[in-house]
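Read off the chains here:
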Amino acid sequence: MAIRASILDELRRIVGPAGYLDQPSDIEPYTIDHRRLYRGATPLVLRPQSTEEVSRILRLCNEERIGVVPIGGNTSYCGGATPSADGNQIVVSLARMRRIRSIDPDNFTLIAEAGCVLQEVQEAAAAVDRLFPLSLGSEGSCQLGGNLSTNAGGTAVLRYGMMRDLVLGLEVVLPDGRIWDGLSQLRKDNTGYDLRNLFIGAEGTLGIITAASCKLFSRPRELITAFAAVADPSAAVTLLSRLRAATGDAVSTFELIPRFGLDLVIRHVPGTSDPFDEAHSWYVLTEVSSARTDSELREIIERELFAAIENGTVRDAVIAQNEAQREAFWRLRESIPEGQRLEGASIKHDISVPTSALPRFIEEASAMLNSLVPDARILPYGHLGDGNLHFNLSVPVGGDAAQFMARAGQIHSAMYDLVARYGGSFSAEHGIGQLKRTELARYKHPVALEVMRAIKQTLDPNGIMNPGKVL
Ligand code: 2HG
Ligand code: ZN
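Everything quoted here is computed from the prediction, not taken from an experiment.

Basis of the calculations
- Residues numbered from 1 in each chain as written.
- Chains lettered and ligands numbered in written order.
- Predicted model: local features only at pLDDT ≥ 70, side-chain atom pairs only at ≥ 80, totals over all residues.
- Heavy atoms only, no water.
- Donors = N, O, S within 2.8 Å, 3.2 Å for Na, K, Ca; no water.
- Buried < 20%, exposed > 50% of the residue type's maximum accessible area, 1.4 Å probe, protein only.
- Near = heavy atom within 4 Å.
- Polar contact = N/O pair within 3.5 Å; in protein donor to acceptor, adjacent residues only side chain to side chain.
- Areas by Shrake-Rupley, 256 points an atom, 1.4 Å probe, with all protein chains shown as cover.
- Helix = DSSP H or I, 4+ residues; strand = E, 2+ residues; numbered from the N terminus.
- Nonpolar A, V, L, I, M, F, W, Y, C, P; charged D, E, K, R; others polar.
- 1 Å grid on protein atoms, 1.4 Å probe; cavity = no way out; pocket = protein on both sides within 12 Å on 5 of 7 lines; lining within 4 Å.
- Points joined across faces, edges and corners; volume = space filled by probe spheres on them.

**Student:** Help me out: how do you make sense of the coordination of the zinc ion (ligand 2) in this one?
**Tutor:** Octahedral metals with six donors have ideal donor angles of 90 or 180 degrees. Tetrahedral metals with four donors have an ideal donor angle of 109.5 degrees. Donor atoms from the polypeptide that coordinate the zinc ion (ligand 2) comprise His 383 (NE2), His 390 (NE2) and Glu 429 (OE), at 1.9 to 2.2 Å from the metal. Of note, the donors binding the zinc ion (ligand 2) are all from one chain and are spaced H-x6-H-x38-E. Judged on exposure class, the residue His 383 and its partner His 390 are both buried.

Quick look at the structure:
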């Protein structure tokens, strides 16, 4: 049922004249997801300024049974922040709640509001000589609230964990408007159920996270970034183990890139180039860091890479000599999604298996995909260090995009069945949103699903929070 005009007026009054958008051209960006898989509709985008305003919005929407879709930087890969097409849901953007409320360098914590752009949180930490380690391609536009709600991963999970691991407490507005002030700055507080972890990764289906207390770390003083050509994924895993041991677990990034990934970037992204004279089949981008200035990390990495070249696991390697070269290496990695987008239609899988099983998995999955779509171009790349690959496919050269995409369902099923046989996950870091609900129902343990539904029913009995997502 369409939302009554009087309710829309009341919602506008809660946030005041600067707190809403209701003109079609202003609203449009909030109704299309990052991958352009979904197009929704809404009469109103609310942009509250305070937790109190969020609370009043949810209380009213709960009374009136109006669906509420929270949105951060709109970079979801699963349509998690796009409203339904019927126009009966309102969108709540946290973009105006953008304060760093406090920083405590000696407690290694900061409290930030959900609308802070990730990069602003990183910069606030750096300003007091600390590190907030969450790091992802979209960090210049994604928001902390979205990172929390989707339990974001990225390129430093290997060392620092996912968003979930970086949080000590939350402030959450429940669907009925109650505010839970759980902004603990304690590392030890053993007092009952872990509520914060209910809301992290819930994709806005249990309430709206308005602020978080985050863990900080010592800021790296030495940072070594290397781009290496490796013989194959198995050589990459061996190299990772060697580097972890030799550096005392100082490896923060270890990304796998196949030749096709590098080709896509060099072809489509201006200002990028191959770091080597010769083409190789596989590459890794790795970063090792220490807060010490006498860690001798560079010597260790040089020694390890040299030994690996000697024994044939590494074919060639370059260590960044300056910040510009480091950025160039990172650009090659971070531009892969863009390069693949510009190449044409693609089918994506965000999967994980144990790191040690990845080489065998890559072989088996590639053979399976080749037999399903003989000339599809396979792109398994990403976070090898934590077992998470983006096992994507690009439309065959000269192939028909619509025909290719029509096979997505069949390809997904084959891939996820294989992942399940490896004890892996069909969604390692991108969440469920509206894209992977069928998979959740199929692959999640039935008892886990029952408990999830019971939690949803308890916290949001009227089903107003991000309807049609996750469950
Ligand atoms: C990345 O790691 C993102 O770059 C995007 O998670 C993954 O292209 C993708 O599917
Ligand atoms: Zn990723």
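**Student:** I would appreciate a short explanation of the site of ligand 1 in the present structure.
**Tutor:** Close to ligand 1 lie Tyr 77, Arg 333, Pro 337, Lys 348, Tyr 381, His 383, His 390, Asn 392, Glu 429 and His 430, which account for all nearby residues. Between ligand 1 and Tyr 381, the relevant distance is 2.6 Å, taken from an oxygen atom to a side-chain nitrogen or oxygen of the residue. Expressed as a share of its isolated accessible area of 290 Å², the protein-covered part of ligand 1 is 89%. Secondary-structure elements contributing two or more residues to the shell around ligand 1 are strand 18 (377-383) and strand 19 (388-394). Residues belonging to the shell around ligand 1 are distributed by class as follows: three nonpolar, four polar and three charged.

**Student:** Mind showing me how you'd approach the layout of surface pockets here?
**Tutor:** Considering only enclosed or pocket space, the second largest pocket measures out at about 770 Å³ in volume. If you go around the second largest pocket, you meet 29 residues; those closest to its centre are Leu 131, Ser 135, Glu 139, Glu 287 and Arg 326. Within the residue set of the lining of the second largest pocket, elements represented by two or more residues are helix 4 (118-127), strand 7 (130-131), strand 13 (251-258), strand 14 (282-290) and helix 11 (323-334). The greatest single-element share of the lining of the second largest pocket, amounting to six residues, is contributed by helix 11. In terms of residue class, the lining of the second largest pocket is made up of eleven nonpolar, eight polar and ten charged.

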